[in-house]
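One-letter residues, chain by chain:
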Amino acid sequence: MRCATAASTPPPPPCPPSPHTPPPSPPPHRAAPRTPRPPRGTTDASPTATARSSLNLLRSLARARRGDLSHRALLLFRSLHSTSSPSSPSPSTSTPPPHFSIPAALSAAAFLGALPEGRQLHALATKLALSPAHTVVANSLVHLYASCGDPASALALFRRIPEPTLVSWNTAVDALESNGDHLAALDLFREMRRDRPDLSPDAYTVQSVLGACAGAGALSLGLYAHAMLLRELGGAGDAGAAAAVSRDVLINNSLVDLYGKCGAVELAGQVFDRMPERDLASWNAMVLALANHGRVRDSLDLFHRMTKSENVTPNAITFVAVLSACSHGGLVEEGRRHFAAMVSDYNIRPRIEHYGCMVDILARVGLIEEALDVVAGMSCRPDSVIWRSLLDACCKRNAGLELSEAMAKLALDVPDDAVSGVYVLLSRVYASAQRWNDVGMIRRLMSEEGFKKEPGFSSIEMSGCVHQFVAGDTSHPQSEEIYEKLDEIQQKLTSAGYKPDLSEAPMVADADRTKGATLRLHSERLAISFGLLNATPGAPIRILKNLRVCKDCHTISKLISKLYDVEIVVRDRIRFHHFKDGSCSCKDYW
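Residues numbered from 1 in each chain as written. Predicted model: local features only at pLDDT ≥ 70, side-chain atom pairs only at ≥ 80, totals over all residues. Heavy atoms only, no water.

Buried residues of helix α19 (residues 368-376): Ile-368, Ala-371, Val-374 and Val-375, and no others. Across the axial projection of α19, the buried residues extend over an arc of 110 degrees, all falling on one side. Away from its buried face by more than 90 degrees, α19 exposes Glu-369, Asp-373 and Ala-376. Contacts from the buried residues of α19 go to α18 (352-364), α20 (384-396) and α21 (401-412). (Buried < 20%, exposed > 50% of the residue type's maximum accessible area, 1.4 Å probe, protein only. Helix = DSSP H or I, 4+ residues; strand = E, 2+ residues; numbered from the N terminus. Arc of directions from axis to C-beta. Contact = heavy atoms within 4.5 Å.)

Structural data, given as structure tokens:
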């Protein structure tokens, strides 16, 4: 538990790079990190006119946010300092001082994700005693490491800055949030508020905090950040505050994203409806939020309003949202129509995620042959996620062992870091067929090959604290009460006629009773038990899972919502499930 505050023929070319599986809602456009400026009162000498011209060119190339220009910026930096060593006591007057030029070069390296070049610049800055002593250079280095996927180095460097400014804190919080460590980002923000009351958060601070709250599913912390936004950034008076917030499209997009990802789609809709100005990211976020909450028809209606009434031209991300809506609703004909319109009406070349959505739409209703035809007609190489989607559909539709094994083989033939997911799905196929020896064989193979199943966890926020559980967790301070509540829940479920689906048992056991016991220890059940113990009566229990909810936990969540008269909102890897009065918003189609 974690508690934190806060083949023979040449293969086709790969698809255009893009994220394959969209999150519960697309991240809004983020404001580009501000280029740090030298602190006031600096005693460094200003560059000469020639040096200023060189520096302005270097900064312009770095800020252009184009790969070719960022590369030229690094080449320019090298040429500027090759004739006159920056470590020289008296560098050439035509060479920009390194405390000006190094941040610009670091910005270019960060955009390129050029970690080796960034480390060389870090070594130079250290040699010149500019890191971590010079705050602007240090901030640029923190941003570099975050952009290159090394948040640990970013945070370690931040901790060494003698006098961190607000920009320093913002860059460090964003380093953690942008690399997926949402709880640590929230911890760092709370540390700033506690230890540096002299620093007032700005819009960039709030945007990072909202992103962290969305990623962690921390609704109450998100509400706090929203209130802070109104109080500290909106000006004096409620009317002035609301007006100031409503004018900032990026902030409002972050709020739509926050509420959509935290299970409060109604609040997301309120923010969206009140926006006086919207960009394409606003529409994309709202369309996908509605889809992922099971409000498929509302999602498609909003897309129609966007394209027909508001004359907003959709992009590739929009059609990921639309096709996801069709997938969540099992709308085969509409999915075919929108996919065709994307190509013919908007000249958008399908990406791997569009094909993935179409395969999912078809396979989940049993049209596996047609889904295979889509794969055969792809303009790019299918990845393991598409084969795993087909394997999952084969499992759920009982398509037969032969076809399932063929899908598993195709998935395993594609180089991928998530090979364990294929084995887990195949083991479920065997478990559904009661072939427990084959299940054991899969598990032994995973062990021998060193593959580990991705550990599942469930988290729940309570009173501003995010509590995280894993299966069979006993580390929580309330573990004794949680398991007592779990016993009570189990008794009520049994009295209501519940029987466990043993195919979902996470381990092989000799007795059905043992398999059922393992299901009882799934992380979301512990989170639900904790929520029943601590939630305010009548308040929904909101749970975030890093994996898809299993069939058996889906069944018991419906029963618990009825037996305890409570709404349970679960966000899994793919979508939201709203359990209420014994039914689910997904209509048992997920």
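Picking up where we left off.
Moving on to empty space enclosed by the protein. When its volume is computed, the largest cavity comes out at roughly 100 Å³. As for the largest cavity, its lining consists of 15 residues, and the residues nearest its centre are Gly-217, Cys-262, Arg-542, Ile-543 and Leu-544. For the lining of the largest cavity, the secondary structure elements donating two or more residues are β2 (457-462), β4 (541-545) and β5 (568-571). A per-class count over the lining of the largest cavity returns eight nonpolar, three polar and four charged. For the second largest cavity, the full set of lining residues is Leu-486, Ile-489, Gln-490, Leu-493, Arg-520, Arg-525, Ile-528, Ser-529, Ile-556 and Ile-560. The set of elements that each furnish at least two residues to the lining of the second largest cavity consists of α24 (479-495), α26 (523-534) and α27 (551-563). (1 Å grid on protein atoms, 1.4 Å probe; cavity = no way out; pocket = protein on both sides within 12 Å on 5 of 7 lines; lining within 4 Å. Points joined across faces, edges and corners; volume = space filled by probe spheres on them. Nonpolar A, V, L, I, M, F, W, Y, C, P; charged D, E, K, R; others polar.)

Following the sequence through the fold, Cys-395 ends up in helix α20. With a relative accessible area of 14%, Cys-395 lands in the buried category. Ignoring sequence-local partners within four residues, the contact set of Cys-395 consists of Ser-404, Arg-428, Val-429 and Ser-432.

Now for the pattern of salt bridges. Within the structure shown, the criterion is met by 18 salt bridges. A salt bridge links Arg-337 to Glu-334; the nearest nitrogen and oxygen atoms lie 3.5 Å apart. Taken as a pair, Arg-337 and Glu-334 lie in helix α17 (residues 332-344) at a separation of three residues, close to a single helical turn. Residue class for Glu-334 comes out buried when judged on its relative accessible area of 18%. The salt bridge partner of Lys-558 is Asp-588, with a shortest N-O separation of 3.0 Å. Here Lys-558, found in helix α27, pairs with Asp-588, found in the segment after β7 (583-584); they are 30 residues apart in sequence, far enough to count as distant. Asp-588 sits in the partly exposed class, given a relative accessible area of 45%. (Salt bridge = Lys/Arg side-chain N within 4 Å of Asp/Glu carboxyl O.)

With that settled, the discussion passes to the UniProt feature "repeat: PPR" (unreviewed entry) in the protein chain. Annotation from UniProt places "repeat: PPR" (unreviewed entry) at residues 165-199 and 279-314. Annotation note: span residues 165-199, helix share 77%, strand share 0%, distance between end C-alpha atoms 8 Å. Counted over residues 279-314, helix gives 75% and strand 0%. Its end C-alpha atoms are 11 Å apart. (UniProt positions renumbered as here; feature names shortened; annotations may be inferred.)

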